[in-house]
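As a plain string of letters, each chain reads:
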Amino acid sequence: MEPVVNTHSDATKEDIRQRVWHYIEENNLANFPRPVYNRIPNFKAAVQACNKLTELQEFKSSQTIKVNPDRPQERARFLTLEAQKTLLVPTPRLRSGLFNRIIPPPQATKKVLHICASSQGVKDFSVPVGLDDKVKVDLVVVGSVAVSEQGLRIGKGEGFADMEYGMMASMGAVTESTVVVTIVHDCQVVEIPESLIENHDLTVDYILTPTRVIKTNCQRPKPQGIIWSKLDTDKLEKIPILKTLRGLEEEMGKDVTLGMVPTKAEASGAKYPATRRPRKNTLKNVEEESKHEPGEPSQQSRPRRPRVRKEKADGSGDNQEECPITAVGPRRQKVSEEWSRSKIPDTATSLYVGGIPPELRVSELKTMLREKAAVPLRLTWQGALHRAFLDYTDPQAADQALSALQDLTVNGCELQVELAKSQRKTWRPPRQNKPAQQEAEAPNAEEQNPSLDINNE
């Protein structure tokens, strides 16, 4: 099968990363989080690719499996727990240790296992595994940005998968026979020049995509430990467990000499920011600013009307306005209240969404609402309180949305969706002919949690 992302023989790792990230973005092949630049892409159909893991004999015969903590491999973590195997998950960015062993509660249901496999479950149902623990890992599952059919792999450029495997090798948890699997989208299978792969780079034995299972037959040796000359003091300060391992290996008489700290230009060269518009010429802005009269507000100082994004033509509703988010706190006070009042009619009816898990983000909820054809006029997000409010134009629209959102689940958790106990209305200034006492009637949900509209960044 020919790669859909073309690479050149003289391409660098970063060239290949950027080509893959750009292709995924341009073809809308990823789910949240977006954009995918500088990430392991959470590609669409990741569930189908992960399901192929159970077809491998190496998975069936494994007892302990290490799976990376990224979103596209969440299904692989669930399948490992469902098969009653020991699941090890690296701590995010190795800040607080090497692994977490996920321990589901006794007689856990599938719903509970889905929670255990999520990022929140890794925090709530785990015990740490240190360097001195006697662990034997039978199968390793990693994410990738790009991978070749020959088993050569490119990550997002920070080296965590390589370091994790090197540390496992140092503690005797893996051997040359340990099988490594990566789960990617078909477009992430590309040609990678072998000259780009160094002795600390991890290679893979299987590639799972939504449509294929590729056995690479890679003969290149995997890392046998940490190569300290590839690291510097800054990296050790950020990853304390590396400092611990270095001390242990120094006591054993190994060479633990560190490399040089890269310059800022070298450090930033490995990562490209998400695409942004270039900044305007600062000198030009200063010149334009000087043309204004002293008492006249400049173009830069004038309050801007909140931006409203238009939905892309992806079948979910062409040219429809995306609902503005509402949030609480003084940081949201730069918003046009007049714009908010004009958007929310007097007949607005609100739905309450409760039981929101901590790991859910507002952008994910908005995606669910679009998929259910239940986009509100406004979404009030109170994630810290595990709830949100949805404003609709009238009771009939709210009823239709309520029907569409029944049995709405996130990672196996069913959300509670019902008509709000008090119908929240947009704030209005007090009328001059009304006594102040009438304005302070029974508080509604919005008065108890004051909020203002903000545009979607």
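Cut-offs applied
- Residues numbered from 1 in each chain as written.
- Predicted model: local features only at pLDDT ≥ 70, side-chain atom pairs only at ≥ 80, totals over all residues.
- Heavy atoms only, no water.
- pLDDT = per-residue confidence, 0-100.
- Contact = heavy atoms within 4.5 Å.
- Helix = DSSP H or I, 4+ residues; strand = E, 2+ residues; numbered from the N terminus.
- Axes fitted to C-alpha atoms, helices over the stretch in contact; angles between N-to-C directions.
- Left-handed = near helix turned anticlockwise from the far one by under 90°.
- Nonpolar A, V, L, I, M, F, W, Y, C, P; charged D, E, K, R; others polar.
- Pairing = 2+ DSSP bridges.
- Expected span 1.5 Å × (residues − 1).
- Buried < 20%, exposed > 50% of the residue type's maximum accessible area, 1.4 Å probe, protein only.
- Salt bridge = Lys/Arg side-chain N within 4 Å of Asp/Glu carboxyl O.

The protein chain goes by Methenyltetrahydrofolate synthase domain-containing protein in an unreviewed UniProt entry, where it is assigned to Knipowitschia caucasica.

1. Observations concerning the confidence of the model for the protein chain
Close inspection of predicted coordinates is inappropriate in any region flagged by low pLDDT. Taken over all residues, the pLDDT of the protein chain has a mean of 77, while the share at 70 or more is 73%. Considering only residues more than four positions removed or in separate chains, one finds that residues 424-457, a stretch of pLDDT under 50, has 70 contacts.

2. Overview of the environment of Gln 396
Residue position: Gln 396 is located in helix H14 (residues 395-404). Residues Gln 396 and Thr 349, 47 residues apart in the sequence, show an inter-C-alpha distance of 8.7 Å.

3. A word on the packing of helix H7 (residues 160-170) against helix H9 (residues 240-251)
Remark: H7 packs on H9, axes separated minimally by 12 Å, with the N-to-C direction vectors making an angle of 35°. The handedness of the crossing between H7 and H9 is left-handed. Where H7 abuts H9, its residues Met 163, Met 167 and Ser 170 lie against Ile 241, Leu 242, Leu 245 and Glu 249. When the residues that make up the contact of H7 with H9 are grouped by side-chain class, the tally is five nonpolar, one polar and one charged.

4. Concerning the sheet that holds strand S10 (residues 213-215)
An order of S4-S3-S2-S1-S5-S8-S9-S10 is seen for the eight strands of this open sheet, with the pairing classed as mixed. Each edge of the sheet is formed by a strand with only one pairing partner; in this case those strands are strand S4 (126-129) and S10. Taking each pair of neighbouring strands and ignoring which way they run, the sheet shows an average axis angle of 25°. When strand S2 (residues 86-90) meets strand S3 (residues 99-102), the two strands line up antiparallel, connected through four bridges. When the sheet's bridge partners are listed, Pro 90 is paired in S3 with Phe 99.

5. Quick word on helix H1 (residues 13-26)
For an α-helix, 3.6 residues make a turn, and residues three or four places apart therefore share a direction. For H1, with 14 residues, the first-to-last C-alpha span of 20 Å sits near the 20 Å given by 1.5 Å per residue. Those residues of H1 not exposed but buried are Lys 13, Glu 14, Ile 16, Arg 17, Gln 18, Val 20, Trp 21, Ile 24 and Glu 25. Immediately downstream of H1, the backbone of Asn 28 shows phi near 55°, a positive value.

6. As for the pattern of salt bridges
Opposite charge on two side chains allows them to pair when their charged atoms are near. Summed over all chains, the structure comprises 16 salt bridges. A salt bridge links Arg 71 to Glu 74; its shortest N-O distance comes to 4.0 Å. One salt bridge connects Lys 110 with Glu 82, and the closest N-O pair in it is separated by 3.4 Å. Residue Lys 110 is found in helix H5 (residues 110-117), and its partner Glu 82 is found in helix H4 (residues 74-82); the two are separated by 28 residues along the sequence. You can call Glu 82 partly exposed: its relative accessible area is 33%. Via salt bridges that share partners, Arg 71, Glu 74 and Glu 364 belong to a single interconnected network.

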